[in-house]
Amino acid sequence: MDSAGKIWMDGKLVDWDKANVHIMTHGLHYGGGVFEGIRIYETTRGRAIFRLRDHMMRFLDSAKVIDLNIPYTVDELCEIVKETVRANDPKVDYIRPIAYYGSGTVGLNPIKLPTRLAIACVYMGPYLGTDQQKKGAKVITSSWEKPSNRAAALNAKICGNYINSVLARLEAVKRGADEAIMLNADGNVAEGTGENIFMIKSEKIFTPGMASGILRGITRDSVMQLASDLGYHVEERDITRSELYVADEVFMTGTAAEIMPIVEIDSKKIGSGEPGPITLKLQKAFSEVTRGTNAKYLSWLDFIG
Ligand SMILES: Cc1ncc(COP(=O)(O)O)c(C=O)c1O
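We now turn to the structure provided with this report. Since the model is a prediction, treat every value here as computed from it, not as a measurement.

Taken together, 15 residues sit near the ligand, with Tyr162, Glu191, Ile218, Thr219 and Thr255 positioned nearest. In this structure, Arg58 approaches the ligand through a side-chain N or O atom, which is 2.8 Å from an oxygen atom. Taking Lys157, its side chain carries an N or O atom lying 2.8 Å from an oxygen atom of the ligand. Burial of the ligand by the surrounding chains reaches 95%, relative to a free accessible area of 390 Å².

Time to look at the side chain of Glu258. Looking at the element boundaries, Glu258 is found in strand E15 (residues 258-265). Salt bridges are absent for the buried Glu258, whose nearest opposite-charge side chain, Arg39, sits at 4.1 Å. At 2.6 Å, the side chain of Glu258 forms a polar contact with the side chain of Tyr41.

Attention shifts here to helix H6 (residues 218-229). An ideal rise of 1.5 Å per residue puts 16 Å on 12 residues; H6 measures up with 17 Å between its terminal C-alpha atoms. Regarding H6, the residues found buried are Ile218, Thr219, Arg220, Ser222, Val223, Met224, Leu226 and Ala227.

Attention now moves to the packing of H6 against helix H8 (residues 277-290). As a packed pair, H6 and H8 sit with axes 10 Å apart at the nearest point and diverge in direction by 110 degrees. Taken together, the axes of H6 and H8 are roughly perpendicular relative to one another. Contacts between H6 and H8 pair Thr219, Ser222, Val223, Leu226 and Ala227 from the former with Leu282, Ala285, Phe286 and Val289 from the latter. Split into classes, the residues belonging to the contact of H6 with H8 amount to 7 nonpolar, 2 polar and no charged.

Right, let's talk about a nonpolar patch on the surface for a bit. There is a patch of nonpolar side chains on the surface, built from Ile23, Met24, Leu28, Tyr30, Val106 and Leu108 and spanning about 610 Å² of accessible area. If you trace the backbone, Ile23 turns up in the loop between strand E2 (12-15) and helix H1 (26-30). A relative accessible area of 59% places Ile23 in the exposed class.

The buried fraction of strand E8 (residues 137-141) is high, at 4 of 5 residues. With 3 bridges joining them, E8 and E15 adopt parallel strand pairing. The partner of Lys138 across the bridge, within E15, is Glu264. Taken together, E8, helix H5 (residues 162-174) and strand E9 (residues 179-183) constitute a β-α-β crossover, and its handedness is right-handed.

What follows is about the packing of aromatic side chains. All told, the structure shown has 7 aromatic pairs when counted by the stated rule. Relative to Tyr72, the ring of Trp8 lies with its centre 6.0 Å away and its plane at 75 degrees, an arrangement referred to as edge-to-face. On the criterion of sequence distance, the pair formed by Trp8 in strand E1 (residues 6-9) and Tyr72 in the loop between helix H2 (52-65) and helix H3 (74-86) is long-range, its members being 64 residues apart. Grouping aromatic residues by their ring pairs yields a cluster made of Tyr41, Phe50, Phe286, Tyr297 and Trp300. The ring centre of Trp300 lies 4.2 Å from the NZ or CZ of Arg51, which sits over that ring. Over the ring of Tyr245 we find Lys268; its NZ or CZ atom is 5.1 Å from the centre of that ring.

This brings us to the nonpolar core. Val34, Ile49, Met56, Phe59, Val81, Val85 and Ile95 are the most contacted members of the largest nonpolar core, which has 29 residues in total. Those elements that place two or more of their residues in this core are strand E4 (38-43), H2, H3, strand E6 (94-101) and strand E7 (115-122). When residues of this core are assigned to their parent elements, the largest contribution, 6 residues, is made by H3. Not counting the four nearest positions on each side in its chain, Met56 is found in contact with Glu36, Ile38, Val74, Leu77, Cys78, Val81 and Pro97. Ranked by size, the runner-up nonpolar core spans 21 residues in total, among them Met224, Leu282, Phe286 and Tyr297.

Judged from the 4 bridges that link them, E1 and E2 form a sheet pairing that is antiparallel. Each bridged residue has a counterpart across the sheet, and for Met9 the counterpart in E2 is Lys12. Linking two consecutive strands that pair antiparallel, namely E1 and E2, is a turn of 2 residues; a positive phi of about 45 degrees is found at Asp10 within it. Here E1 runs beside E7; their pairing, made up of 2 bridges, is antiparallel. Looking at E7, one finds that Trp8 is bridged to Ile119.

What follows is about the pattern of salt bridges. On inspection of all chains with the given rule, the structure shows 19 salt bridges. Arg175 is paired through a salt bridge with Glu171; the nearest N and O atoms lie 3.3 Å apart. For Arg175, a relative accessible area of 49% gives the class partly exposed. Between Asp229 and Lys296 there is a salt bridge, and its shortest N-O distance comes to 3.0 Å. Pair noted here: Asp229 is in helix H6 and Lys296 is in the loop between H8 and strand E17 (301-303), with a separation of 67 residues, a long-range link. Here the salt bridges do not stand alone but share partners, grouping Arg51, Asp54 and Asp221 into one network.

Rules used throughout
Residues numbered from 1 in each chain as written. Predicted model: local features only at pLDDT ≥ 70, side-chain atom pairs only at ≥ 80, totals over all residues. Heavy atoms only, no water. Near = heavy atom within 4 Å. Polar contact = N/O pair within 3.5 Å; in protein donor to acceptor, adjacent residues only side chain to side chain. Areas by Shrake-Rupley, 256 points an atom, 1.4 Å probe, with all protein chains shown as cover. Helix = DSSP H or I, 4+ residues; strand = E, 2+ residues; numbered from the N terminus. Buried < 20%, exposed > 50% of the residue type's maximum accessible area, 1.4 Å probe, protein only. Lys, Arg positive; Asp, Glu negative; His and termini not counted. Salt bridge = Lys/Arg side-chain N within 4 Å of Asp/Glu carboxyl O. Expected span 1.5 Å × (residues − 1). Axes fitted to C-alpha atoms, helices over the stretch in contact; angles between N-to-C directions. Parallel < 35°, antiparallel > 145°, perpendicular 65-115°, else oblique. Contact = heavy atoms within 4.5 Å. Nonpolar A, V, L, I, M, F, W, Y, C, P; charged D, E, K, R; others polar. Patch = residues over 30% accessible without salt bridge, like charges linked within 9 Å, V, L, I, M, F, W, Y side chains within 5 Å. Pairing = 2+ DSSP bridges. Right-handed = clockwise from strand over helix to strand, strands pointing away. Phe/Tyr/Trp six-rings, centres within 6.5 Å; stacked < 30°, edge-to-face > 60°. Lys NZ or Arg CZ within 6 Å of the ring centre and 35° of its normal. Core = buried A, V, L, I, M, F, W, Y, C linked by side-chain atoms within 4.5 Å.

What follows is the structure in structure tokens.
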């Protein structure tokens, strides 16, 4: 992680080491905050932020779910993000906006607490590893269940929601896997710890719908549009764990993981055990979009200038 950059914090750019929070911060104790993860890509026309406006809209929607007042419009937030990126090293490739309830009470009720807002930039590189990006990742089904939509607001990127993902990710790492898949209370596939999941069977593409207990991923949406453009049938429906085992191809999508082929689940080889042809086609289509060489999706790129 780049530790020499500037962080935009509550109205001004501060040095990395000065971007500190009070120990009684509500967001720290109870997870009362919301965040985003956004990629910066090197395109043929210079650096660009991928789907910035969509991320900022989701950020405001997430805040609405926990009644956190963010006193900025989408356009203002986009400008603040761009200002922060410009103030940092050109090598940074990932942006982390976070808004949270500040300090003022030890109780759970956050309603009178101030909103704090920060934007940080780091160098992330390939999230699950360069090798995995090319050869595919090995995943496990986590023993931790994804909370239901009755137990948590899963369409919102709320800090406190992520302890479930942290538990599953720890389990994956301890079992020597790259990532974990979580099942919901019905036993159906929900998503990865920070990724959505897709399955390909007989040239058709399937992914769980919102009722499965997932975040509406922006990469997921991009892939669904690109797959339709390529003429594939794309369908949201329930997927069982054993359907994944016998799928032709499986891949995960996320801002951090991008399009990650999955070649092994619970020690079972998926398809040929190598990234499949449709996954590779989608990876290529996605990288054309993020490199700015697909004219149709240029509006998804916010050039930093
Ligand atoms: C739980 C979860 N699911 C899915 C995703 C993928 O979403 P996106 O493609 O918008 O990054 C993320 C990452 O933001 C996530 O944290």
